[in-house]
Amino acid sequence: MINKLLFCLLLTFFWTMPVYALDIQVPSEVGRGEPFWVDIRSDERPVGIKVGWMGREFAVPVDLPGKQRVLLGAGLDKMGEHELSMVFYWDEESREKTYKISVKDKEYPEQHLSLPEEMVIPPREVHDRIARDREQIRSALGTLTMDRYWDGDFEEPVPGDVSSPFGVQRFLNGQPRSAHQGVDLRGPEGTPVKAIARGRVVLTGDFYYGGKTVILDHGQGIHSLYMHLSSIDVREDDLVYPGEKVGEVGMTGRATGPHLHLGIYVLGDAVDPMYLLDR
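As the structure is a computational prediction, the values presented were derived from the model and not from experiment.

Student: I keep staring at the sheet that holds strand S4 (residues 48–53) and nothing clicks. Help me out?
Tutor: Two orientations exist for strands paired in a sheet by backbone hydrogen bonds: parallel and antiparallel. Strand order across the open sheet formed by five strands is S2-S8-S7-S4-S5, with mixed pairing between neighbours. Every interior strand has two partners, whereas the edge strands, strand S2 (29–31) and strand S5 (56–60), have only one. Averaged over neighbouring strand pairs, the angle between their axes works out to 25 degrees when direction is ignored. As paired elements, S4 and strand S7 (residues 80–89) share five bridges and run antiparallel to each other. Bridging across to S7, Gly48 finds its partner in Tyr89.

Right, dumping it as structure tokens:
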């Protein structure tokens, strides 16, 4: 009799527990260097969502019910199978979903450039400066802000065409270098460079390779980087809006002519900006 009563109580409990419908669209495979979207739909608004990808975890601002989008990416060196985890929290329960995403190889073109020899093999006296530059930029791009500043599409920073695409294998004076981790956009010197989305300025500086540089933190592990500027029009910790001027096109640092180097990073990994720009 007691067992029957206990069974009835448990059955009643499970019948009365809320069941939340989730529809999550996740790509099964992406190419290295590609950003991708995870689309989420739910009939009830969770109180929280936590995402885990490539060893990083962050909370997602909840826009549900309706459709929610999360932007992720696969770095150029991240080939193989990786796990995406998502935990949804409601007042009464939590639910975890895990997915396997295969990051496939992708071919990128080669580019051969001729530069002054001192820019290919920098003199010994600037080695310490280059190391400091790298650490500052790496630290800024590693910032993980839980707030999401960006919303909607990413705008183009300058109207010029692409002169050097993302992922291209660079050869400088015949010597192989690392793959290009952004896109170079043509533009006359002095052309206004605009923020691709709302974000907070986390770094400005004048670096040996990148010249005058601005990095914006858009939140949720998304950053944009603007290099070779002739001038910088923002200060660190400024909050800038889509289309707001952050500087002007130049050819500072290691550059053969005036252009903008635009980088977009997801959780510290460079991804192809052309997948995201509103062009």
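From this point, things continue past the structure.
Student: Quick question: what am I supposed to make of the environment of Ala270 here?
Tutor: Within the secondary structure layout, Ala270 lies in strand S21 (residues 269–271). Ignoring anything within four residues of it in the chain, the contact list for Ala270 reads Gly33, Ala74, Gly75, Leu76, Phe166, Gln181, Ile264 and Tyr265.

Student: Please clarify how the packing of aromatic side chains should be interpreted in this entry.
Tutor: Working definition: an aromatic ring pair is given by the centre-to-centre distance plus the angle between the planes. Overall, the coordinates contain six aromatic pairs when judged by the stated rule. Connected via pairs of aromatic rings, a cluster forms that spans Trp37, Trp150 and Phe154. Across the ring face of Trp37, the terminal group of Arg69 is positioned such that the distance to the ring centre comes to 4.3 Å. In this arrangement the basic side chain of Arg148 is found over the ring face of Trp150, its NZ or CZ atom lying 4.9 Å from the centre.

Student: I'm lost on the pattern of salt bridges in this one. Help?
Tutor: Oppositely charged side chains can form a pair if their charged atoms are brought close together. As enumerated under the stated definition, the model contains twelve salt bridges in all. The partner of Arg129 in a salt bridge is Asp133, with the nearest N and O atoms 3.8 Å apart. You can see Arg129 and its partner Asp133 sitting in helix H3 (residues 127–141), four residues apart, about one turn around the helix. Asp133 gets classed as buried once you look at its relative accessible area, which sits at 9%. Salt-bridge contacts for Lys245 lead to Glu248; the nearest nitrogen and oxygen are separated by 2.8 Å. Members of the salt-bridge network, linked through shared partners, are Asp77, Lys78 and Asp269.

Student: Honestly, empty space enclosed by the protein in this entry has me stumped. Any pointers?
Tutor: Where empty space is left becomes clear once a probe the size of a water molecule has been rolled over the atoms. Counting across every chain of the model gives one cavity of 30 Å³ or more. Taken as a whole, the largest cavity spans an internal volume of roughly 50 Å³. Around the largest cavity, the lining residues are Phe58, Val60, Arg69, Val70, Leu71, Arg148, Trp150, Gln220 and Ile222. Taken together, the elements giving at least two residues each to the lining of the largest cavity come down to S5 and strand S6 (66–73).

Student: Help me out: how do you make sense of H3 in this one?
Tutor: It helps to recall that an α-helix has 3.6 residues per turn; residues three or four apart then point in one direction. Helix length check: H3, at 15 residues, gives a terminal C-alpha distance of 21 Å against a target of 21 Å (1.5 Å per residue), a fit within 8%. Where H3 is concerned, the buried positions are Ile130, Asp133, Ile137, Ala140 and Leu141. Down the axis of H3, the smallest arc covering the buried residues is 95 degrees, so these residues share one side. Structural note: H3 exposes Asp128, Arg132 and Arg138 on the side pointing more than 90 degrees away from its buried face. Buried positions along H3 lie against strand S15 (199–207), strand S16 (211–219), strand S17 (222–232) and strand S20 (259–266).

Student: Sorry, what's going on with the environment of Val87 here?
Tutor: One can find Val87 in strand S7. Overall, Val87 belongs to the buried group, its relative accessible area being 13%. When sequence neighbours within four positions are dropped, the list of residues in contact with Val87 reads Gly48, Ile49, Lys50, Arg95 and Glu96.

Student: Can you help me understand unusual backbone geometry in this one?
Tutor: Among all residues save glycine, negative phi is the norm, and among peptide bonds the norm is trans. Its identity is not glycine, yet Met54 carries a phi of approximately 55 degrees, on the positive side. Along the polypeptide, Met54 turns up in the loop between S4 and S5. According to the relative accessible area criterion, Met54 is partly exposed, its value standing at 22%. With a phi angle near 50 degrees, Asn173 is a residue other than glycine that sits in the positive phi range. Tracing the backbone shows Asn173 in the loop between strand S11 (169–172) and strand S12 (175–179). The exposure class assigned to Asn173 is partly exposed, which follows from its relative accessible area of 28%.

Student: Help me understand the pairing of S16 in this model?
Tutor: Put simply, side chains in a regular strand alternate between the two faces of the sheet. Summarising burial for S16: eight of the nine residues are buried, a large majority. Two elements, S15 and S16, share seven bridges in a ladder whose sense is antiparallel. By the bridge assignment, Phe207 is partnered in S16 with Gly211. In textbook terms, the turn of a hairpin is the stretch between consecutive antiparallel strands, and for S15 and S16 this stretch comprises three residues. Here six bridges tie S16 to S17, and the two strands are oriented antiparallel to one another.

Cut-off values and rules
Residues numbered from 1 in each chain as written. Predicted model: local features only at pLDDT ≥ 70, side-chain atom pairs only at ≥ 80, totals over all residues. Heavy atoms only, no water. Pairing = 2+ DSSP bridges. Helix = DSSP H or I, 4+ residues; strand = E, 2+ residues; numbered from the N terminus. Axes fitted to C-alpha atoms, helices over the stretch in contact; angles between N-to-C directions. Contact = heavy atoms within 4.5 Å. Phe/Tyr/Trp six-rings, centres within 6.5 Å; stacked < 30°, edge-to-face > 60°. Lys NZ or Arg CZ within 6 Å of the ring centre and 35° of its normal. Salt bridge = Lys/Arg side-chain N within 4 Å of Asp/Glu carboxyl O. Buried < 20%, exposed > 50% of the residue type's maximum accessible area, 1.4 Å probe, protein only. 1 Å grid on protein atoms, 1.4 Å probe; cavity = no way out; pocket = protein on both sides within 12 Å on 5 of 7 lines; lining within 4 Å. Points joined across faces, edges and corners; volume = space filled by probe spheres on them. Expected span 1.5 Å × (residues − 1). Arc of directions from axis to C-beta.

By themselves, these are just geometric observations and shouldn't be taken as functional.
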